[in-house]
Structure formats: structure tokens, C-alpha cells
Amino acid sequence: MEPHEKLLAWATSQGVKLTGIAPKRIPGRGIGLIATRAINPEEVVLEVPTACLRSIDTARKPVIRHLPKSVSVHGLLAADLALDSSSKYAVWNAVCPGPEDFNGMPLVWPKQLRALLPLAARELLAKQEAKLVRDWAAVSAAFPQQLDEARYRYAWMLVNTRTFYYVNARLKRRTKDDHMCLQPVADLFNHGDEGCNVAFDHEGFTIKTTKAYARGEEVKICYGRHSGDFLLVEYGFVMDDNCWDELLLDGVLLPRLSARQKEKLEEVGFLGKYVLDRETVCYRTQVAVRLLCCGFREWRRFVDGIDDGERSQQGADQLILELLREQRQIAEKTISEVEALTVGDQQQREVLIKRWRQIRDLVDANIVRLERNH
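Residues numbered from 1 in each chain as written. Predicted model: local features only at pLDDT ≥ 70, side-chain atom pairs only at ≥ 80, totals over all residues. Heavy atoms only, no water.

Right, let's talk about the overall build of the chain for a bit. Broken down by element type, the chain carries 14 helices and eleven strands. Once the C-alpha set of the chain is aligned to its principal axes, its extents read approximately 70 × 50 × 45 Å. Counting every position in the chain, which comprises 374 residues, the buried fraction comes to 49%. Contacts spanning at least 24 positions in sequence make up 68% of the contacts within the chain whose residues lie at least 6 apart. (Helix = DSSP H or I, 4+ residues; strand = E, 2+ residues; numbered from the N terminus. Buried < 20%, exposed > 50% of the residue type's maximum accessible area, 1.4 Å probe, protein only. Contact = heavy atoms within 4.5 Å.)

In C-alpha cells form, the structure reads like this:
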């Protein structure tokens, strides 16, 4: 019997209910959940009772007792996983990714590859790494002999990639970042642009389809409306096609602003976080570029909503085109740099190149749109 088949038998015995789906190994993609028959929209395909969840309530008391109260739930769950030598969750653990399966996550990449990540990914990675460092500092101080950093980092990445948003009475008192739990079988769902609806109450989780599935089709959930940079840093993959993809333009726009202009944008709450999606640039970008191509009074009227910006749109679009062409050059240059490298493993270099090609294609689509409009 394969590990995922053992998991299914164990989970069923624990009260987990699967309807019309079953875990199956997918070539090149690990394990996913496949429709075993035709499934209708609004059909409940998975129920996981609260008793099956691994959460702040199930962390073992000796682990909790030794850790400071300030430790994050992420850090606590990772410590509980890493220190658990019992057989209680052995069947569940057997289907979890191994340490080698996290090679796609920039957190474990060589510094030379990490330095070539897109700006948004680098910023996300810096925050992620800071969280890991804080959690490891707390856990290593509490368990200096029982745990090494590599083992803890592996458990931390398992929690990072496989938890679900969850709130109970104890978690309500904590910040949103601490609202999480692990659940069996449900953590086998892969990500899609659109997916099943995931809901929970005091009884447990219910996962319901939002569309019809044919027999043999993979059933997915949506991890969130995330960009390729977010998916890469948090989960270690990028999708072939991502309708929620976007690009941070701060790297090409901020250097064009003077200190005084940055100050003005800061005053009105529009400094930084300039985003390009599949269709257009965000309003924040429109505000910033007008400070570069309009007089101050006209810019202020636009910010205040008095001027609709139609008269200045052509000038703004021309400047946006310049920014996008510069961003495209950066993408091409970085792709060439990564292709010439031998550091890291091939999978890491390939996913980084794939991400930069997605950025180039996103930029190209917007350049074509703007050129067509003018």
C-alpha cells in the first residue's frame, strides 16, 4: 500500500470524509487530489473534523512550557513537528514533502541566485527569513541539545507551505499571522487560479467545489490571489499561467524621483508599492508618474480627485512605456545572467529563469497595449 493510501485509510478512521475525490500521485507534481467520479458545483468533497487538526491546541505541553509566550504559532508548530518522535502522526508525516522537495524555495538557495530574484521576491524573502531567524532563536534557546537548525528549518518550511487559515478561541487573541493550523488530506490540494471554497467552524473544515469536475480531473484550491513572486518565495513554485500575477515597478520608478518628490508622495500616502498587473498599472503608479510629467498644481488636483487625469494621460503613458522598456531590459539581462551561472541546482536556476520570463511577458503585453492605444 502506497503512503497516500495509508494516509487515506488512517484519515477516514479519524473521521475525515472524502466524497468523490482521492489522493493520487501525479507525475512531476507529487500527490494531488483527483475526482473519482463526475462532481457537481457546490458539492462538499472533503470534511476534516477539528479533532484531526494540528494547531496551537494540539502542541505538546512540554514544548509549549519551554518556549516563550511570544513565540509565533508558526514557530511553535514547527518545533512541535521537529521534536515529535512518536508514531501518532507517522502515516501523515510519510506523505509530507522531504527536505529535498523544498529546493525550489529561495529560502534555501545560494546567495548568488537569491540576489537575482525580482525585487518583490527579494523583499518577501527578507521578511520570511527574518521570521525564521526569530523563531529559531526562540526554539534553539529552549531546546539547545534536542534540535539542530537544518531539522527545524525543514519543519518550519512544512508549516509555511501546508497550513490553512484558522481561528479558534485561543488564536483570536493573537495576530492574523498566527491564525493557522495543519490538517490531513486537505494539505494535498494543489493550487489553482480558482479552486474549491474552504470554510471552517467549531466542528472543522469543509471544502466545497465551485465548479464541475470530470472523472480523473485534478481538484484544486486557491491558496490566494498571489503573484508569481509570492508563490515562488512562499511555496517554491511558479504557475505556467497565473491570472493574479503582478510586478513591482519600484525598482525602475523610485530612482527617477528626487528626494523632494518622494517627500511629496510620502505626504499623500503614495510612495512605493507601484504595481503592474496583466492589464494596467495601479493608481499609485499613475499618481507617481504624474509628479514626473505634470506641474505640481495639476498633479495635486489629480491626487485630490478634482482632475480626472485625462489631459495628462498621454504624457503619463509615455513615461510608463519608458519604465516598462527599462524593466524589460532588466528581465532580459537577468535571464542571461542566470543562464550563465552554475551555482545552485538546475531546478533552482530553471524556476528563476521561468519567473523572469513571466515578468518579461507581462511587461511585453502591457507595452503592446499602450503602444496600440497611442
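Okay, back to it.
Our focus in this paragraph is the nonpolar core. Of all hydrophobic cores here, the largest spans 109 residues; its most connected members are L46, L67, Y152, F189 and L265. Apart from the residues within four sequence positions on either side, L67 is in contact with L76, A79, A138, V139, A142 and F143. (Core = buried A, V, L, I, M, F, W, Y, C linked by side-chain atoms within 4.5 Å.)

We now examine the pairing of strand β7 (residues 191-201). Successive side chains on a regular strand alternate, one facing one side of the sheet and the next facing the other. Across five bridges, the pairing between β7 and strand β8 (residues 204-208) is antiparallel. Across the sheet, A199 pairs through a bridge with T206, a residue of β8. What sits between β7 and β8 in their antiparallel hairpin is a turn of two residues. (Pairing = 2+ DSSP bridges.)

Attention now moves to the sheet that holds strand β2 (residues 21-26). Taken in spatial order, the three strands of this open sheet run β2-β3-β9, and their pairing is antiparallel. The open sheet has two edge strands with one neighbour each: β2 and β9 (218-219). Strand direction decides the pairing type here: strand β3 (residues 30-35) and β9, joined by two bridges, are antiparallel. Its bridge partner being in β9, L33 is matched across the sheet by V219.

Once that is clear, we can look at the packing of aromatic side chains. In total, this model carries 14 aromatic pairs according to the counting rule given. Arranged with centres 6.1 Å apart and planes meeting at 40°, the rings of Y235 and F237 form a pair that is tilted. Note on F237: relative accessible area 26%, which makes it partly exposed. Note on Y283 and F302: the rings are 5.5 Å apart at their centroids and 35° apart in plane angle, and the pair reads as tilted. Here Y283 is found in helix α11 (residues 283-293), whereas its partner F302 is found in helix α12 (residues 296-303), with 19 residues between them in sequence. (Phe/Tyr/Trp six-rings, centres within 6.5 Å; stacked < 30°, edge-to-face > 60°.)

Turning to the sheet that holds β8, a few remarks are in order. On the basis of which strands lie adjacent, the open sheet formed by four strands has the order β1-β4-β8-β7 and antiparallel pairing. Only two strands of the sheet have a single neighbouring strand rather than two, namely β1 (17-18) and β7. Bridge count for β1 against strand β4 (residues 44-49) is two bridges, and the pairing is antiparallel. Along β4, the bridge assignment pairs K17 with E47.

Each pair of packed helices can be summarised by the angle the axes make with each other and by the distance between the axes. The contact between helix α10 (residues 259-267) and α11 brings their axes to 11 Å, and the two run at 140°. Judged by the inter-axis angle, α10 sits oblique to α11. Here α10 runs over α11; the crossing is right-handed. Here Q261, K264 and L265 of α10 come into contact with α11, specifically with V287, A288, L291 and L292. Residues belonging to the contact of α10 with α11 are distributed by class as follows: five nonpolar, one polar and one charged. (Axes fitted to C-alpha atoms, helices over the stretch in contact; angles between N-to-C directions. Parallel < 35°, antiparallel > 145°, perpendicular 65-115°, else oblique. Left-handed = near helix turned anticlockwise from the far one by under 90°. Nonpolar A, V, L, I, M, F, W, Y, C, P; charged D, E, K, R; others polar.)

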